[in-house]
Structure formats: C-alpha cells, structure tokens
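# Per-entry structural report
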Amino acid sequence: MTLTLSEAESRQIMAEYDIFVSPFVTGSTTNEVVAAAQAHPAVTFPLVAKLCGRAIAHKTERGLVRLNVNDETALRQACDELLAKSRPEDGDVELLVSTMVAGSRELIAGLVDDPQFGMTVMVGIGGVLAEAIADVSFRLAPITEVDAAEMIDDLATQRLLGPFRGEPQADRTALIQMLVALSRLPINEPSVRSADLNPLILVDGKPVAVDALVEVADDTDLIDA
Amino acid sequence: MPDLRSLFNPRGIIVSGVSNHPGKFGFVTLHNILSCGFQGPVFALGREAGEVLNVPVLASIDDVPDGAADFLFICTPPALNEDLLRRAAAKGVTAAFCAAGGYREAGPDGAEAEARLVALCADLGIALAGPNGQGVVSTPANMCAQIVAPYAPPGRIAIASQSGNFVSSFLNMANHTGVGVSRAVAAGNASVLGIADYLEYFSDDDETAVSLVYLESVDDGRELFERIRPLSERKPIVVVKGGASAAGARAAASHTGALATDDAVFDGMCRQAGLIRARDVEEAFEAAATFATQPLPKGDRVVVVTTVGGWGVAAVDAIADTRLTTAALPDDLFAAINDKLPPRWSKNNPIDMAGGETRDTVPEILELVAGHDEVDAVVLLGLGIQSRTAAMLRSGGFFPDHGLERIVAFHERQDTRYAEAAAEISASTGTPVVAATELANTDPNNPAPATLRAMGRLCHASAGRAVRSLHHLASYAAWRRHRGL
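Bear in mind the structure is a predicted one, so any value in this text is a computation, not a measurement.

### Quick word on the overall build of chain A
- For chain A, the count of helices and strands is 6 helices and 11 strands.
- By the compact-globule yardstick of 17 Å for 225 residues, chain A fits well, its C-alpha radius of gyration being 17 Å.
- For chain A, the spread of C-alpha atoms along the three principal axes comes to 45 × 45 × 30 Å.
- Split into buried and exposed, the 225 residues of chain A put 51% on the buried side.
- Intrachain contacts of chain A at a sequence separation of at least 6 include 62% that bridge at least 24 residues.
- For chain A, the exposed surface amounts to about 9,900 Å²; the carbon and sulfur share of it is 52%.

### Quick notes on the nonpolar core
- Judged by nonpolar contacts, the single largest core of 65 residues is most densely connected at Leu7, Phe71 and Tyr198 of chain B.
- In contact with leucine 7 of chain B, not counting residues within four places along its chain, are Phe71, Ala95, Ala96, Phe97, Ala129, Val136, Met143, Leu193 and Tyr198 of chain B.
- One finds Ile13, Ile19, Val121 and Ile152 of chain A within the second-largest nonpolar core, a separate group that totals 44 residues.

### Regarding the sheet that holds strand β9 (residues 143-146) of chain B
Residue and element names in this part refer to chain B.
- Taken in spatial order, the 7 strands make up an open sheet running β9-β8-β11-β10-β12-β13-β14, and their pairing is mixed. The open sheet terminates on both sides in strands that have one partner only, identified here as β9 and β14 (276-277).
- Here strand β10 (residues 154-161) runs beside strand β11 (residues 181-186); their pairing, made up of 6 bridges, is parallel. Across the sheet, isoleucine 157 pairs through a bridge with valine 181, a residue of β11.

### So, the interface of chain A and chain B
- Contacts between the two partners involve 30 residues from chain A and, on the opposite side, 24 residues from chain B.
- Summed over both sides, the interface between chain A and chain B buries roughly 2,400 Å², with carbon and sulfur atoms accounting for 56% of that surface.
- At the boundary of chain A with chain B, the tally comes to 3 salt bridges.
- Linking arginine 271 of chain B and aspartate 154 of chain A is a salt bridge whose minimum nitrogen-to-oxygen distance equals 2.7 Å.

### Notes on the pattern of salt bridges
- On inspection of all chains with the given rule, the structure shows 40 salt bridges over all chains.
- As a salt-bridge pair, aspartate 153 of chain A and arginine 172 of chain A come within 2.8 Å of each other at their nearest N and O atoms. Here aspartate 153 of chain A, found in helix α5 (residues 145-154), pairs with arginine 172 of chain A, found in helix α6 (residues 172-188); they are 19 residues apart in sequence, far enough to count as distant.
- Its relative accessible area of 41% is what places aspartate 153 of chain A among the partly exposed residues.
- One salt bridge connects arginine 394 of chain B with glutamate 412 of chain B, and the closest N-O pair in it is separated by 3.0 Å. Here glutamate 412 of chain B lies in helix α15 (residues 404-429) and arginine 394 of chain B lies in helix α14 (residues 385-395), a separation of 18 residues in the sequence.
- Accessibility expressed as a relative area gives 40% for arginine 394 of chain B, which makes it partly exposed.
- Here the salt bridges share partners, and the residues they tie into one network are Glu7, Arg11, Lys50, Lys59 and Asp211 of chain A.

### Overview of helix α3 (residues 72-84) of chain A
Residues and elements named next belong to chain A.
- For α3, with 13 residues, the first-to-last C-alpha span of 18 Å sits near the 18 Å given by 1.5 Å per residue.
- Turning to α3, its buried residues number three or more, namely Leu75, Ala78, Cys79 and Leu82. Across the axial projection of α3, the buried residues extend over an arc of 100°, all falling on one side. Turned more than 90 degrees off the buried face of α3, the exposed positions are Thr73 and Ala84.
- Packed against the buried residues of α3 are α2 (30-39), β3 (47-52), β4 (65-69) and β5 (94-99).
- Two to three positions downstream of the cap, the backbone nitrogen of threonine 73 sits 3.3 Å from a side-chain oxygen, assigning the N-cap of α3 to aspartate 71.

### Here we look at the domain arrangement of chain B
Residues and elements named next belong to chain B.
- What the domain assignment lists for chain B is domain 1 (5-291) and domain 2 (296-482).
- Measuring from the centre of the C-alpha atoms in domain 1 to the corresponding centre in domain 2 gives 38 Å.
- Contact with domain 1, which involves 25 residues of that partner, is made by 17 residues of domain 2.
- Per-residue buried area on domain 1 facing domain 2 is highest for Glu286, Thr290 and Phe291; these three make up 30% of the total on that side.
- For the interface between domain 1 and domain 2, the tally reads 2 salt bridges.
- A salt bridge links glutamate 286 to arginine 465, with the nearest nitrogen and oxygen atoms 2.4 Å apart.
- Across the contact surface, domain 1 and domain 2 share 11 residue pairs in polar contact (both at pLDDT 80 or more).
- Contributions of two or more residues to the side of domain 1 that touches domain 2 are made by α5 (164-177), α7 (221-232), α9 (262-273), β14 and α10 (281-293).
- In terms of residue count, α10 provides more of the side of domain 1 that touches domain 2 than any other element does, 7 residues in total.
- Each residue belonging to the side of domain 1 that touches domain 2 can be placed in one class, and the counts come to 8 nonpolar, 7 polar and 10 charged.

### Notes on the domain arrangement of chain A
- For chain A, the assigned domains are domain 1 (23-99) and domain 2 (106-217).
- Computed from C-alpha coordinates alone, the two centres of domain 1 of chain A and domain 2 of chain A are separated by 26 Å.

### Comments concerning the packing of helix α12 (residues 331-338) of chain B against helix α13 (residues 361-370) of chain B
Residues and elements named next belong to chain B.
- With their axes 10 Å apart at the nearest point, α12 and α13 run at an angle of 170° to one another. Taken together, the axis directions place α12 and α13 in an arrangement best described as roughly antiparallel. Across the interface between the two elements, Leu333, Ala336 and Ile337 from α12 touch Ile365, Leu368 and Val369 from α13.
- When its residues are assigned to classes, the contact of α12 with α13 shows 6 nonpolar, no polar and no charged.

### Topic: unusual backbone geometry
- The omega torsion of the bond from phenylalanine 45 of chain A to proline 46 of chain A falls at -5°, within 30 degrees of zero and hence cis.
- Along the chain, proline 46 of chain A turns up in the loop between α2 and β3.
- Residues alanine 141 of chain A and proline 142 of chain A are joined by a peptide bond in cis, for which omega reads 0°.
- Mapped onto the fold, proline 142 of chain A is located in the loop between β8 (136-140) and α5.
- Of note in this structure, asparagine 68 of chain A is not a glycine but carries a positive phi near 55°.
- By the secondary structure assignment, asparagine 68 of chain A is in strand β4.
- Phi at lysine 347 of chain B is positive, roughly 55°, even though this residue is not glycine.

### Regarding the packing of α15 of chain B against helix α17 (residues 447-454) of chain B
Residue and element names in this part refer to chain B.
- At their nearest, the axes of α15 and α17 sit 8 Å apart, and the two run at 35° to each other. At the point where α15 passes α17, the crossing takes the right-handed sense. On α17, the residues that touch Glu412, Asp415, Thr416, Ala419 and Glu420 of α15 are Pro447, Ala448, Thr451 and Leu452.
- Among the residues making up the contact of α15 with α17, the classes are represented as 4 nonpolar, 2 polar and 3 charged.

How each quantity is defined
- Residues numbered from 1 in each chain as written.
- Chains lettered and ligands numbered in written order.
- Predicted model: local features only at pLDDT ≥ 70, side-chain atom pairs only at ≥ 80, totals over all residues.
- Heavy atoms only, no water.
- Helix = DSSP H or I, 4+ residues; strand = E, 2+ residues; numbered from the N terminus.
- Rg over C-alpha atoms; globule rule 2.2 N^0.38 Å.
- Buried < 20%, exposed > 50% of the residue type's maximum accessible area, 1.4 Å probe, protein only.
- Contact = heavy atoms within 4.5 Å.
- Areas by Shrake-Rupley, 256 points an atom, 1.4 Å probe, with all protein chains shown as cover.
- Core = buried A, V, L, I, M, F, W, Y, C linked by side-chain atoms within 4.5 Å.
- Pairing = 2+ DSSP bridges.
- Buried area = accessible area lost by both parts, 1.4 Å probe.
- Salt bridge = Lys/Arg side-chain N within 4 Å of Asp/Glu carboxyl O.
- Expected span 1.5 Å × (residues − 1).
- Arc of directions from axis to C-beta.
- Polar contact = N/O pair within 3.5 Å; in protein donor to acceptor, adjacent residues only side chain to side chain.
- Domains from an automatic or database assignment.
- Nonpolar A, V, L, I, M, F, W, Y, C, P; charged D, E, K, R; others polar.
- Axes fitted to C-alpha atoms, helices over the stretch in contact; angles between N-to-C directions.
- Parallel < 35°, antiparallel > 145°, perpendicular 65-115°, else oblique.
- Left-handed = near helix turned anticlockwise from the far one by under 90°.

Right, dumping it as structure tokens:
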C-alpha cells in the first residue's frame, strides 16, 4: 500500500534532494502561517496560498489555490476562506503559502514505477495541459547527466527551451542536475514510489517546482506516517 | 552462460521426427538443411526405416556415431523428447532447437513438459532454443535448419525474433534487397534461450555487424535493459516492437503515471540503452541493412545530390522530420562543384545537377561532397533514370538502328558507374552514401539498383526511407559520441 504525502511534505523531500521548490511556509491557522511568511525572507509578495493535506489530491479543481495574493489583508482573507472550504473527509489539513514565481514556461518532471522496467524518471512539457500534450521523455532510474541531456533533447517542443517571450533560454545544466537528482531519489529512498513536479516553472531559465506530490510506501521511514 | 556455438556453427546435425511425407516438419527441415549446402554430416531419426532425401533414416539416436553431431533439431512430440535429449547428450550434442509444439502454448500439461525440458537441458548442459519455434539460419555454416522457407544470402545482419513470421519477413527482405544475413533465429517459447542470450552471442560474433530484433513481450524489462546496454556499445542493435499500441495510459493519480504509457517507457529505455528503435518491420530491416553496409556518420550534416529537382526537395522535407540537417554548402565545396556543373545547377543543398551531368560528373561530384570535412552523409537520388530511358529505346521498335544501340549502352554503363561510385566513394571516404530510387522495387533489374545489389548494398526505394535509415545511423553515432565511445 502507498501513501500520498501532502504538498508540504513532498516539497520538503524535494528540497532535501537539491531540487528547487518555490520558497514556502506552512501553518495550521491563518495567524500561524502569516507569521511564518513574515519571518521567512524569501517568502515575498505576490504570494500563493493553498490548502493542503494528504487526502487532497486535486487542489485546483476544488478551488483550494489562491494566486496573486498581494498584501497581508488579502493573505489573511485567502487563508480564512481556504480553511472554511476544508471538508471532514480531508482529514488533517494545513495552509501553505509560497512565493509566486514568474515565468511563462511550464515543464513537468516525475517518477513512476513501471511494471516492466521498474522505477523511471520523466521530463516533459508541463502545466494543466501536460497530459493532453504528452510531449514527454522517460528513462530508467537512475540516470547519468548524458541520459538527462538526451531526455531534454528528445522533447519535440524544443522552441520552448530556447529564448522565449523575453525570457532567457532554459538552463540545461540546471535541468540536467535536477533530473539526475530526481532519478536518485527512489534509489536512495526506496520507499518513494512515485513523484510529480508539475508545474516546474522556468524562472530565469532555471526549473522551480511550484507544486510537488510524492507517493511513498506506507511503511516508509521518510516521514512520521 | 549457455554456449551457442553449436547452435550456429554445428559440426554435425541430427533431425528427429523425419518421415517421407514432404508436408511434415521433419522432412522439410532435412530438405532445407541439405539443399542449402550444410557441409557437415546430417542424420535423420524416424519411425520408418529406409531413406529420406537419400539420407538413411535411423530408428534411434544411439545409431549416430559418437561425437559426429553436436546439434539436435527436434520435430518429435513432447512425450519423446526427454529421452531423446538424454541420449543426445551422451552422443556429444550441446545445442538443440526444439521446433515441436505442444508445450507451454498448449496448456497446463504442456507447461509442465516445458518445465521438465528446461530442467533436463540445464542438467545435460544443452543450450535449448525454442520450443515451438521455426528454426535457425546461419549462413557462415551454410545452414538453414528451419521448418519453413526461406534461406538468405550471406551478410552481416543477425536476426533474433520473438515471432518466426518475422524471421521469414526479414529473410525475404534480405533476398529481395541482396543485403544478407549472418544468423537468424526464432526464439519460440524462449523457455531457456531468450533475446538477450542471442544478442550476447551476436555481439561477440565476427560474422555479424548489426543485430536486428523483433520484440513482442518483455518478461523482465529491467534485466533486458541491463544486459543489452553494454552490447549496444559493441554493435548497433535495431529493434522493432510489436504490440506497442496495445496498452495505453494507465489509471494513475499522478500526471507522470498517466503519461507513462508502455510505449513511452519502452522508447525511453531504447534511447538510454542505445537501441535503435524502428517504427515498423520495413524500417527496421532497412536500418539494419544500412548499418551493415555503410560507415557511421560523424555527425548530422547531410548533403543531397540529385540529377533532377523534385526528388531533392522531397528528401529535404524528409530530413526536416529527423535529427539530420541540410546545411548550406561550405564555400570551398560550392566553388569546386560550380566548376564542374553547368550554370543552371541549384547552387545549393540539395545539389540539383539539373540534368547537366556529362560522362564523369556524378562520380566527381560525389567524391567532392563525400570527401569534404563538413559533410557527414550523402543522399544520392536519380540513379537508374538513364537506364529506364534506355529500356524504352531498346523496346520501341527502332532499336538498334538510328544510333540507339550506342546510346542505350552508354546510358546503362553510366548507371552502373554511378552505383559503383556510390559504393566505392563511401568506402574510400568513410562517409555514408545512401542511394534511393523507386526503381529498386519497380525495375529491380535496372543496372542502377542491380549494381548496388550486386555490391551487397541497399538501394532504398525512396528518399524518405533512405533518410530514415540515415537518421538511425546518426542517432546511434550520437549515442556513442555522447558517451565517449
């Protein structure tokens, strides 16, 4: 059996593996999360506020994500509204407040355990249309830097990786390092069964995950289950 | 690690289940072994005494001289085969191909019989191919040990297939194109020897330049990957996968899981392991035939050389769909070509000679292009059209008068020279020169495709297909380059 971690727990694991996630804080009440946001130097307006929990899989569909929160008043209001939307079946929930990073290009990366080939790592064109576009490239984990570079080259939408709408070209070295690190995660932590980083926004060309979802075996010692 | 030497290079062969009925597998196998020229001793085992195809039929394998044969081809049903294998091992047999069915594919009893067969062969030290397979071909041994046709011309492609039908398909293509085969084996139920075992043998085999695989099911994908990856470093392996469309996206909570179709994961595995994945059977054979007969390109830069326009345009379109590029001609190459062609030539890549070639133009241009440092591969189009005209002049009722005899001979000689030049210049410069014309199919005896075939090289049937083959060569070359190989 597996257990899906909350976004905050998933982000924590990614950060430990040197995978860039947007700066974030969490709290169980509005006051707690606002105080944490104010205390964190990298969590700056505009912000994103979300309601997270292990049982909440589809935040966007349920309206549990507030973008472009521009001041403290708006943040407090967003947090109060999000908490009011929680349902009994959501179990333990928490507020997650993160810096809203700027970038028009969204990639996706992830891990999936294939029934024939075992743990695989993926990169592709991300965002809400990721599954419809299906421009993705897989390799068997773990991968080398050469494998990662070829994965990126295999994507059909190469123009998205060049200079784009005033933004610099994708930092391939940073992408390669992220993919290699991601592919090592399930090798070093075998209880990790799958992962989604979607979207990975290219910020100054570098990939920054603004959402993360990790699935672990329920006997994992990665977190207090 | 099973030793496959006596499977592909036997000293002598024993065929079981031989009768005088020419519709039966035993008869046909014996016929194919004898008629394709196997040089070692061949023994036939059967229930009825007498001769089949002039070979005496022995009632028991005990009548075979000790050590005379090391390869057993089994056409007898499961009930007889365990005893047969025990006695065969005592005679010095170290490899067996079990063509007989009635094993795993036939139900639970068959599966039990197959399990006993596997255990027995492990005990006896016999490398077992099949069961339920069509056979094995090995041209260096002049051996066609198959229950069906065809045999193939000798060459450097080694075939391993999870479907016997596709062994036949590939061998038919080898016969049609003239690009030959070293080994070919149908894995059958693959109860002992599987695709990875055959590929390991091929990677060490001096007679083989490239392996060609038809794959349908993968039991342990991770093991296959780990075993094949080091083999790709030694020789190219071309793979075509059946059933790729069968399983679509899985139900998955994650986006990554939803995107992980069997096909996408298999494709990534191929790219990682250096396997060359073809889209279909024709593309797979043509890629293998090109690997077997052309040098690897150093990079992706292609120059298209054509005698007339439209073909070149289509080739450039096909190149745009691949990793290959059609760069502008380097200045010094441009100048050298410009000196040799009339002013109406295209002055660009593709090099369209606009029908302006004289006696030596095509070989001279080819030599300049293929010999240039900034050209990694050449696509040559327009071969055979002079001979096509010659054929019409020959059959139109005016031949040999009106000067036709001389011009027909000239045209045919020219096409022969172009085909020879394509082969010789590619060999001397180390740059692949792939030729394409539909005449390979529509007029195979035309001197252009016929000469290429006689030189053991593939004449692609279209520019697009030539470009796909070249793309596979360039992809494999890049895979090697990226890894410092």
